[in-house]
Amino acid sequence: MSESKTLAEEVCEFGESRRDFLKKTAAIGAGAIAFEFIDVDETFAEVPEYVTNPPADAMAVKLNVNGAEKSVQIDTRTSLLDTLREHLDLTGSKKGCDHGQCGACTVIIDGRRQLSCLTLAVMCDGKKVTTIEGLANGDKLHPIQQAFLDHDGFQCGYCTPGQICSAIAMLNEARNGDASQVTQNLSVKAANLKLSDDEIRERMSGNLCRCGAYPNIVDAIKEVHNK
Amino acid sequence: MKPFTFSRATNQTEAIKLLQANGKFIAGGTNIVDLMKEGVEKPSQLVDIQRLPISTIQANKSGGVSLGALAKNSDTANHPLIRSKYPLLTQAILAGASGQIRNMATNGGNLLQRTRCVYFYDLAMPCNKREAGSGCGALEGLNKNHAILGWSDTCVATFPSDMSVALAALDAKVKVLGKDGKERMIDFVNFHRLPEKDATKDNNLNAGDLITSIELPKTGLPTKSHYLKIRNRASYAFALVSVAVIYEWKGNMIMNPRIALGGVAHKPWRAFEAEKFLAGKTATEENFKQAAEIALKDAKALSQNAYKITLAKRAIVRVLKMANGKG
């Protein structure tokens, strides 16, 4: 009992990575029955071999992630998403489709929202990457993060890191006066565009939410946009 | 994904020199990385051209605008010169993909995307585009999204780009640097090709060619234009049918009209005969309907896509009205 209490406390504090949490949940038998049949150490192995022992033709890549200079020796085939998740232990960015169709892997590269699943890490040498982990200032959440909480902008939460990174960069695009498909007056570019609900929906169309939290996502973004 | 070597080029000369026989250039990567994951593209080498100094958008000598091959789609759509003088291009670019993908995709790469035909992507299926001589799965298979114009028994795939439909209507030219170091210009309407007996080639580039810019001609004023895209959902989907239309407006008459269709053929499809019919005509629904009939008179449906012929005709009438401010 005391053991599970500790676990609950850890989870509440977000002091543990999701993987460690799953591992412990499984280990103490508090998880689903399915875990009994899984070799926990194998399933949630700490560091994959390709990380500890990169192939001979691996390349060195230096990139700035959330303000910290990172240097990895990496197989040329590795996507930025896998680099973040498997090599740099930043599992906030999510792998949904891995084919550029869902937006769950959206990160901000050199100030612009992009898909980390369709980006090779070797293409990012010298670039600045911001992930969901790099948005809060200590305990103070980014306004978009707070708004997603306040408006219930998610259900399962899997698409949320991508939605949030996308929304932050999207609002910058609107501030810059960038048009979308539904913008009325294309021929004149004016800064600080006021976005309608239709505009927000169109601009966020690259981020799918299978739970269908769209109305609340629009509300969350609108609140920050109107501030 | 097959292993490949990766090299970075800093200028055009270096890029064409570095490229090996089975190598590919990579810039935005949005299409080729996906195709490499699927095993459809298997280059043994990638040459990263992101650092080449060909990403500017500026006025060109002929009074038009030069689009650097490496300018991002989103920067191109939102450049003040494009939004004010070529809103048709802005509309077409913004109708494609998502905000994230437009931030990654380059102008040169947009022209070089491959078809989204499901048989092209599915290695277990025959596809003459992926593997010459293996057959065409779509010809008698799932072909509701496929071509109604210019197809052959070899390939019934469509070309997916929205931007290219507008570029075809704008009579753009593509500037290319050859492996021999010589530059040449290709008219946009001749850049992409029809499948005929060889579907493996989407366009008329030679091996090792590097696109350096897209040149837009001077616009006649006052010009009316519109891009209409019809698809299964309101955003982030490929076109079933799209139409780009642009014409000059002189004394209530349509002058120099250009109509290009997307989603209907192996290349952006210019409706030259319909354009000829509309030149010098007034903007009436009757004229638009006749133009639409002429544009689709050679269309041939596959087993599942006869709807596209009707859809394309109606889209042409509607986009002509929209361009005229009466949509």
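Residues numbered from 1 in each chain as written. Chains lettered and ligands numbered in written order. Predicted model: local features only at pLDDT ≥ 70, side-chain atom pairs only at ≥ 80, totals over all residues. Heavy atoms only, no water.

J.: It is not clear to me how the nonpolar core should be interpreted in this structure. Could you clarify?
T.: As a rule of thumb, nonpolar side chains are buried together in soluble globular proteins. All names here are of chain B. Membership of the largest hydrophobic core comes to 51 residues, with the highest contact counts inside it found for I49, L67, L89, L167 and L216. Of all elements in the fold, only α1 (12-18), β5 (65-68), α5 (87-94), α9 (163-169), β6 (173-177), β8 (210-216) and β10 (241-250) reach the threshold of two or more residues within this core. It is α9 that provides the largest number of residues to this core, a total of 6 residues. When residues of this core are sorted by domain, at least three fall in each of domain 1 (5-50) and domain 2 (223-323). (Core = buried A, V, L, I, M, F, W, Y, C linked by side-chain atoms within 4.5 Å. Buried < 20%, exposed > 50% of the residue type's maximum accessible area, 1.4 Å probe, protein only. Helix = DSSP H or I, 4+ residues; strand = E, 2+ residues; numbered from the N terminus. Domains from an automatic or database assignment.)

J.: Sorry, what's going on with the interface of chain B and chain A here?
T.: Accessible area lost when the parts come together is the quantity often used to give the size of an interface. Counting residues at the interface gives 40 residues for chain B and 40 residues for chain A. A buried area of about 3,300 Å², summed over both sides, lies between chain B and chain A, and 50% of it is on carbon and sulfur atoms. At the surface where chain B touches chain A, the tally comes to 2 salt bridges. Where B:D75 meets A:R112, a salt bridge forms, and the shortest distance between an N and an O atom there is 2.9 Å. At the surface where chain B touches chain A, the tally comes to 26 residue pairs in polar contact (both at pLDDT 80 or more). When residues of the side of chain B that touches chain A are traced back to their parent elements, those giving at least two are β1 (5-8), α2 (32-38), β3 (45-48), α3 (73-78), α4 (80-85), α5 and α6 (99-104) of chain B. (Contact = heavy atoms within 4.5 Å. Buried area = accessible area lost by both parts, 1.4 Å probe. Salt bridge = Lys/Arg side-chain N within 4 Å of Asp/Glu carboxyl O. Polar contact = N/O pair within 3.5 Å; in protein donor to acceptor, adjacent residues only side chain to side chain.)

J.: How should I be thinking about the pairing of β8(B) in this particular structure?
T.: Two faces belong to every sheet, and in a regular strand the side chains alternate between them. Residue and element names in this part refer to chain B. Counting buried residues along β8, 7 of its 7 residues qualify, which places the element largely inside the surrounding structure. Here β5 runs beside β8; their pairing, made up of 4 bridges, is antiparallel. What sits directly across from S66, in β8, is E215. Sheet topology places β6 next to β8; 5 bridges connect them, and they run antiparallel. Bridge pairing in β8 places K173 opposite E215. (Pairing = 2+ DSSP bridges.)

J.: Explain the domain arrangement of chain B to me, please; I cannot follow it from the model alone.
T.: If you check the domain split of chain B, you get domain 1 (5-50) and domain 2 (223-323). The distance between the C-alpha centroids of domain 1 of chain B and domain 2 of chain B comes to 36 Å.

J.: Help me understand the pattern of salt bridges in this model?
T.: Pairing is possible between side chains of opposite charge, provided their charged atoms come close. Residue and element names in this part refer to chain B. All chains considered together, the criterion is met by 27 salt bridges over all chains. Notably, a salt bridge pairs D171 with R258, separated by 3.9 Å at the nearest N-O pair. Pair noted here: D171 is in the loop between α9 and β6 and R258 is in strand β11 (residues 253-262), with a separation of 87 residues, a long-range link. Residue D171 is classed as partly exposed on the basis of its relative accessible area, which comes to 35%. Ionic pairing is found between K289 and E285, a salt bridge with its closest N-O pair at 3.7 Å. Of the two residues, K289 and E285 both sit in helix α11 (residues 285-295), 4 residues apart, roughly one turn of that helix.

J.: What is the right way to look at the confidence of the model for chain A in this model?
T.: Detailed reading of predicted coordinates is not advised where the pLDDT is low. Residue and element names in this part refer to chain A. Averaged over every residue, the pLDDT of chain A is 86; the share at 70 or more is 80%. Contacts from residues 1-16, a stretch scored under 50 in pLDDT, to residues over four places away or in other chains number 11 contacts. The model gives residues 29-33 a pLDDT under 50, and that stretch makes 2 contacts with residues more than four places away or in other chains. (pLDDT = per-residue confidence, 0-100.)

J.: Could you clarify how one ought to interpret the sheet that holds β1(B) in this entry?
T.: Paired through their backbone hydrogen bonds, the strands of a sheet run either parallel or antiparallel. Residue and element names in this part refer to chain B. Ordered by their spatial adjacency, 3 strands build an open sheet running β1-β3-β2, and the pairing between neighbours is parallel. Every interior strand has two partners, whereas the edge strands, β1 and β2 (23-26), have only one. Within the sheet, the average angular offset between the axes of one strand and its neighbour, ignoring direction, is 25°. Of the strand pairs in this sheet, β1 and β3 are connected by 4 bridges, and their pairing is parallel. Across the sheet, T5 pairs through a bridge with Q45, a residue of β3. (Axes fitted to C-alpha atoms, helices over the stretch in contact; angles between N-to-C directions.)

J.: Explanation requested: the sheet that holds strand β2 (residues 68-74) of chain A in the structure shown.
T.: Residues and elements named next belong to chain A. Pairing is mixed across the open sheet formed by 5 strands, whose spatial order is β2-β1-β5-β3-β4. The sheet terminates laterally at β2 and β4 (112-115), the two strands that pair on one side only. Pairwise comparison of adjacent strand axes, ignoring direction, gives a mean angle of 40° for this sheet. Note that strand β1 (residues 59-65) and strand β5 (residues 128-130) share 2 bridges and pair parallel. Along β5, the bridge assignment pairs N64 with K128.

J.: How should the side chain of B:S225 be read in this particular structure?
T.: As for its position among the elements, B:S225 is in strand β9 (residues 223-230). With residues up to four places along the chain from it excluded, the contact list for B:S225 reads B:P87, B:L88, B:V245, B:I246 and B:A323.

J.: Looking at this structure, I do not really get the packing of helix α6 (residues 143-150) of chain A against helix α9 (residues 214-226) of chain A. What am I missing?
T.: When two helices pack together, you describe them by how their axes are tilted relative to each other and by the distance separating the axes. Residues and elements named next belong to chain A. Their axes nearest at 8 Å, the elements α6 and α9 cross at an angle of 135°. Our classification of the angle between α6 and α9 gives oblique. For the crossing formed where α6 meets α9, the hand is right-handed. Taking contact as the criterion, the partners of P143, I144, A147 and F148 in α6 are, on α9, I217, A220, I221, E223 and V224. Each residue belonging to the contact of α6 with α9 can be placed in one class, and the counts come to 8 nonpolar, no polar and 1 charged. (Parallel < 35°, antiparallel > 145°, perpendicular 65-115°, else oblique. Left-handed = near helix turned anticlockwise from the far one by under 90°. Nonpolar A, V, L, I, M, F, W, Y, C, P; charged D, E, K, R; others polar.)

J.: It is not clear to me how the packing of helix α7 (residues 160-175) of chain A against α9(A) should be interpreted in this structure. Could you clarify?
T.: Residue and element names in this part refer to chain A. It is the contact of α7 with α9, at a shortest axis distance of 11 Å, that shows an interaxial angle of 35°. Two packed elements cross with a definite hand, and for α7 against α9 that hand is right-handed. Seen from α7, the contacting residues are Q163, A167, M170 and L171; seen from α9, they are I217, I221, V224 and H225. Tallied by class, the residues present in the contact of α7 with α9 amount to 6 nonpolar, 2 polar and no charged.

J.: Can you walk me through the environment of A:S205 in this structure?
T.: By the element assignment, A:S205 lies in the loop between α8 (197-203) and α9. You can call A:S205 buried: its relative accessible area is 15%. With 64 residues separating them along the chain, A:S205 and A:L141 place their C-alpha atoms 24 Å apart. In this view, A:S205 contacts B:S235 and B:Y236; residues no more than four positions away in its chain are not counted. A distance of 2.7 Å separates a polar atom in the side chain of A:S205 from a polar atom in the side chain of B:S235.

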